[in-house]
Amino acid sequence: MAEKKKKKPQKLKARLPRGFADRSPEDIRATDRMMAAIKRVYESYGFQPVETPMFEYTDALGKFLPDQDRPNEGVFSLQDDDEQWMSLRYDLTAPLARHVAENFQTLNLPYRTYRAGWVFRNEKPGPGRFRQFMQFDADVVGAPSVQTDAEMCMMMADTMEELGLKPGQYVIRVNNRKVLDGVMEAIGLGGAENAGRRLTVLRAIDKLDRLGIEGVRQLLGEGRWDGGKEGEGDFTPGAGLKSSYIGLVVDTFLNSADAVDTKQRIASEKVRQKLNLPRQGLLGGSMQSPTYLEGQDELSALEDLVLSSGYDAGRILVDPSVVRGLEYYTGPVYEAELLFDVVNDKGEKVQFGSVGGGGRYDGLVKRFTGQDVPATGFSIGVSRLMTALKNLDKLPDMGSDSPVLVTVMDKGRIGDYAAITKALRDGLNAGRRGQNVVAVEMYQGNPNKFGKQLQYADRRGCPLAIIQGSDEMERGIVQVKDLIEGRKQAAAIESNEEWRETRPGQFEVDVSDGYDKLIEAIRERLSEQAAERAAG
């Protein structure tokens, strides 16, 4: 009996895990430019960088996890060979608390620091919801006064404006967790025994952008099926509030949660501030607890501080709809919200919404030290902010990132082409320390077909190609082909013969005495291209 034919091993399928994404050179460079602008603002306020690892011991993250709807508490975890559990960080704040506690005796307080890095959420992925994303944080540890919270709000506003956004396109919205806790006490959710239900309420409110008011109502009540109907999809238990309390929470926190109402609130608050009228509280006298009143006093003090520095309600707005979903906030909480509209995946026009936020977390370091360590800070969602800036065409043009290409016309002269490449790379970048480099690349593929080299240059988006065959070498020249201008001119040329005659966008440069003239000609042409891009 003949042996059975062996099955060929199946090829490994190349695929991304759900909720993760590759990044293109364009996205990386755009992100770098945006983060450089953010860094300038942070450093102008005296903040310094620090870096913590992506993994922390799971107990260092504690109960302050982003999504308890999933059985593994929303984090990616593994067990080390010493049987201790480690988790990928879900934000940059909990690792900072561990870093401060571990180095408390050597840090100079107040400790003003910023950090940027990837964070990870083991949540159900969906459109626009990733399991890995970048955050850019700034925090002050060791400063208990509300003036520090006011400064953080002003720094958030300055960051938005450094990125090209104007008042009216953004607003920093501020509330106070003590006010929120006072409302929780008013609806019967005070005390340690109700901590879990309070957190469920706060997380429900914080999901307004994603679920809408009806979805939030369901989470404030018995719970929500994510399929939209009972029995469809996963069920998330709710806070179990009575219907009258659900109405109070919705009226209190969610009435100013859309762009139109936010802009109306900004206008009315500007009038109130000009007339020096007192702010109106959320609760009547019989429902006001000491916690609630303390929060209101802190909000009034914060508003006075930002007003005295020239930040009116058009830039920093006290707004009761701001609720940060994490339990560790203990005082002022704030969000950077963009007020322009975009079209979502369903074709609906919606407000872009929050691109960052934070607040005071005086108890987070105490878990390690046993003593009170006041702290406040905020986090910017880098990917969301970059998407917003693209929508507004606010990403700065830093010139072409694609290289000037030195083509190879003769395999026997590789050394000559390498020397040209080196001379151009050095000459074009002389005196540019701290600025974007001008990239210069020698073609590394098969040089036999010159058309393939220009095709490669076109696909790379190269602005210029440098050409020197045996004829040009004898004459002591090189040809510089402006690929951007060439594409424009070629579009108007009807025949191959005319194209060969005109050689659109191409000119000669004398290199018989060295490469200085070539370097200058390339600089001029790159500057012209940059000016054309800036002019639109």
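Just so it is clear, the model here is predicted, and its values are computed rather than measured.

(A) Representation of the overall build of the protein chain within the structure. A count of helices and strands for the protein chain gives 18 helices and 18 strands. Residues classed as buried in the protein chain amount to 46% of the 536 residues present. In the protein chain, the proportion of contacts linking residues at least 24 apart, taken out of those at least 6 apart, comes to 70%.

(B) Fine view of the packing of aromatic side chains. Evaluation of the coordinates by the stated rule reveals seven aromatic pairs. Residues Tyr-114 and Phe-136 carry aromatic rings whose centres are separated by 5.9 Å and whose planes lie at 55 degrees to one another, so their mutual orientation is tilted. Note that Tyr-114 is positioned in strand β5 (residues 111–120) and Phe-136 in strand β6 (residues 132–141), a separation of 22 residues in sequence. There is no split in this pair, since Tyr-114 and Phe-136 are both buried. Aromatic ring contacts, followed pair by pair, group Tyr-42, Tyr-114, Phe-136 and Phe-378 into a single cluster.

(C) A look at the pairing of strand β7 (residues 170–176). When you tally the buried positions in β7, you get seven out of seven residues, the bulk of the element. Every second residue of β7 is oriented toward a common face, with Tyr-170, Ile-172, Val-174 and Asn-176 on one face and Val-171, Arg-173 and Asn-175 on the other, all of them buried. The pairing of β7 with strand β10 (residues 316–318) spans three bridges and is classified as parallel. Note on β10: the bridge partner recorded for Ile-172 is Ile-316.

(D) Structural detail: the pattern of salt bridges. All told, the structure shown has 28 salt bridges when counted by the stated rule. Here Glu-161 ties to Arg-315 by a salt bridge, and the two come within 3.0 Å at their closest N and O atoms. Highlighted residues: Glu-161 in helix α4 (residues 146–162) and Arg-315 in the loop between α10 (290–308) and β10, separated in sequence by 154 residues. Judged by its relative accessible area of 28%, Glu-161 is partly exposed. Of the residues examined, Arg-315 reaches a relative accessible area of 17% and is grouped as buried. One network of salt bridges, with partners in common, ties together Arg-173, Asp-319, Glu-335 and Glu-337.

(E) Fine view of unusual backbone geometry. Cis geometry is found at the peptide bond from Leu-109 to Pro-110, where omega equals -5 degrees. Its place among the elements puts Pro-110 in the loop between α3 (93–102) and β5. The phi dihedral of Glu-83 falls on the positive side, at around 70 degrees, and the residue is not glycine. Secondary-structure assignment places Glu-83 in the loop between β3 (77–79) and β4 (85–88). A relative accessible area of 62% places Glu-83 in the exposed class.

(F) Geometry of the packing of α4 against α10. In the contact formed by α4 and α10, the axes pass within 9 Å of each other and the chain directions differ by 50 degrees. Taken together, the axes of α4 and α10 are oblique relative to one another. Here α4 runs over α10; the crossing is right-handed. Seen from α4, the contacting residues are Val-146, Gln-147, Asp-149, Ala-150 and Met-154; seen from α10, they are Glu-298, Ala-301, Leu-302, Leu-305 and Val-306. Here the residues of the contact of α4 with α10 sort into seven nonpolar, one polar and two charged.

(G) Just the sheet that holds strand β17 (residues 477–482), in detail. Read from one edge to the other, the open sheet built from five strands follows the order β15-β14-β16-β17-β18, with strand pairing classed as mixed. Single-partner strands in this sheet number two, and they are β15 (440–442) and β18 (506–510). Within this sheet the neighbouring strands show an average axis-to-axis angle of 25 degrees, counted without direction. In this structure, strand β14 (residues 404–406) lies alongside strand β16 (residues 464–467), joined through two bridges in parallel fashion. Bridged to Leu-405 within β16 is Ala-465. Of the strands in this sheet, β14, β15 and β16 are in contact with helix α13 (residues 414–429), which crosses β15 at around 175 degrees.

The rules behind each value
Residues numbered from 1 in each chain as written. Predicted model: local features only at pLDDT ≥ 70, side-chain atom pairs only at ≥ 80, totals over all residues. Heavy atoms only, no water. Helix = DSSP H or I, 4+ residues; strand = E, 2+ residues; numbered from the N terminus. Buried < 20%, exposed > 50% of the residue type's maximum accessible area, 1.4 Å probe, protein only. Contact = heavy atoms within 4.5 Å. Phe/Tyr/Trp six-rings, centres within 6.5 Å; stacked < 30°, edge-to-face > 60°. Pairing = 2+ DSSP bridges. Salt bridge = Lys/Arg side-chain N within 4 Å of Asp/Glu carboxyl O. Axes fitted to C-alpha atoms, helices over the stretch in contact; angles between N-to-C directions. Parallel < 35°, antiparallel > 145°, perpendicular 65-115°, else oblique. Left-handed = near helix turned anticlockwise from the far one by under 90°. Nonpolar A, V, L, I, M, F, W, Y, C, P; charged D, E, K, R; others polar.

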